[in-house]
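Descriptive analysis of the structure
Residues per chain are reported as follows:
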Amino acid sequence: MRPIAITLVVLVSLWCQAQSQCSPSPQSRKIIDQVRQARNAKPIDADSYPERVALLDSAIAKHGNDYFLLRARMLTEPSNDLQLQWAEARSKEHPGSPVYGVLYASSLLKKNAAEALKLLGTLTTSQSAPPQAYLQLADTHSDGRLKDSQKLHRDLDGFLKRCPATLDPDALEMISRGGTKEQMGEAAANLREQLTDEGD
């Protein structure tokens with residue numbers, strides 16, 4: 001295969017990986033809904049924990065490195081310390097993976113915000129910069145002691161550049177809560193266009 005063809009294959013692969021992080025797929029949404037239903041069916045979270053873990057682990061085995069399934073699996077752990085342990089172990093199993101890097105950095109925020117922000121910043125400078133790294137940075141800069149409107153808008157620009165028509169509820173909530181009027185308008189217009197295309 002010629003070098004230019006190899007480059008195109010790599011770029012297409014990276015683009016596809018990025019797009020898979022923009023919005024949960026229909027399959028992922030269905031599984032995450034099943035997990036939510038399992039949790040709501042029992043009054044104590046611990047009682048539904050084995051069922052929720054089984055659902056997500058089975059789905060992850062079938063669908064690979066799906067960010068939304070992996071995030072749901074991480075958040076199934078009942079404490080931030082356990083979430084961090086889970087994410088750190090997965091990151092070591094998949095060294096260099098942007099998806100697992102984002103998960104590890106997001107789980108590290110409460111324990112070591114400076115190191116987590118450094119990791120997320122490094123991820124956004126890579127050729128395969130994951131959209132969710134920008135969204136996690138935006139969330140961090142939207143509130144609390146690290147609140148910074150300028151950085152928040154910069155982070156949202158980075159996300160929207162890669163995911164102009166996201167269907168991710170968390171992303172849409174973040175844009176509506178902290179985005180500029182231009183960012184909110186752009187996201188709304190692109191979302192309407194995508195929903196119209198899907199309905200045709």
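Definitions and cut-offs
Per-chain numbering applies: the sequence of each chain, read as written, is numbered from 1 onward. Local features in a predicted model are, by the rule used here, given only for residues with pLDDT of at least 70; side-chain atom pairs are given and counted only at 80 or more, and totals for whole chains, interfaces and linings are based on all residues. In computing side-chain values, all of the structure's heavy atoms are included and hydrogens and water are not. Per-residue confidence from the predictor is reported as pLDDT, a score between 0 and 100. Any two residues whose heavy atoms approach within 4.5 Å at even a single point are treated as in contact. Burial here depends on accessible area, computed with a 1.4 Å probe over protein chains only, as a share of the maximum for the residue type. Under 20% is buried, over 50% is exposed, and the range in between is partly exposed. For the purposes of this entry, the term helix denotes a DSSP run of H or I that reaches at least four residues, the term strand denotes a run of E that reaches at least two, and both are numbered from the N terminus. The reported arc concerns the directions from the helix axis to the C-beta atoms and nothing else. Here a polar contact is taken to be a pair of N or O atoms separated by no more than 3.5 Å, where protein atoms must pair a possible hydrogen donor with a possible acceptor and residues adjacent in sequence count only if both atoms sit in side chains. What is meant by a nonpolar core is a set of buried Ala, Val, Leu, Ile, Met, Phe, Trp, Tyr and Cys residues, joined one to another through side-chain atoms within 4.5 Å. To get an axis, fit a line to the C-alpha atoms, keeping to the stretch in contact for a helix; angles then go from 0 to 180 degrees between the N-to-C directions. Angle categories are assigned with fixed cut-offs, so that under 35 degrees is roughly parallel, over 145 is roughly antiparallel, 65 to 115 is roughly perpendicular, and the rest are oblique. Two helices cross in a left-handed way if the nearer one is turned anticlockwise from the farther one by less than a right angle. They cross in a right-handed way if the turn is clockwise. Classification convention: Asp, Glu, Lys, Arg as charged; Ala, Val, Leu, Ile, Met, Phe, Trp, Tyr, Cys, Pro as nonpolar; all other residues, Gly among them, as polar.

The next subject is the confidence of the model for the protein. In this model, the protein carries an average pLDDT of 87, and 88% of its residues clear a pLDDT of 70 or more. For residues 1–19, every residue scores under 50 in pLDDT, and the model assigns this stretch seven contacts once sequence neighbours within four places are set aside.

Along helix α10 (residues 169–178), the residues classified as buried are A171, M174, I175 and G178. One side of α10 holds all its buried residues, which, seen down the axis, span an arc of 100 degrees. For α10, the N-terminal cap is D168; the gap from its side-chain oxygen to the backbone nitrogen of D170 is 3.2 Å.

L56, Y67, L69, L70, W86, L103 and L120 are the most contacted members of the largest nonpolar core, which has 28 residues in total. When residues of this core are traced back to their parent elements, those giving at least two are α2 (26–40), α3 (45–63), α4 (67–76), α5 (80–93), α6 (98–108), α7 (113–124) and α8 (131–140). With seven residues, the single largest contributor to this core is α6. If near-sequence neighbours (up to four positions away) are discounted, W86 is found in contact with L70, R73, M74, E77 and L103. By size, the runner-up hydrophobic cluster in this structure holds 14 residues, among which are C22, A129, A171 and I175.

Interaxial distance between α4 and α6 falls to 10 Å at its minimum, and their mutual angle equals 30 degrees. Comparing their axes, α6 and α4 come out roughly parallel. At the point where α4 passes α6, the crossing takes the right-handed sense. Listed contacts from α6 to Y67, L70, R71 and M74 of α4 are V99, Y100, V102, L103, S106 and S107. Its residues assigned to classes, the contact of α4 with α6 comprises seven nonpolar, two polar and one charged.

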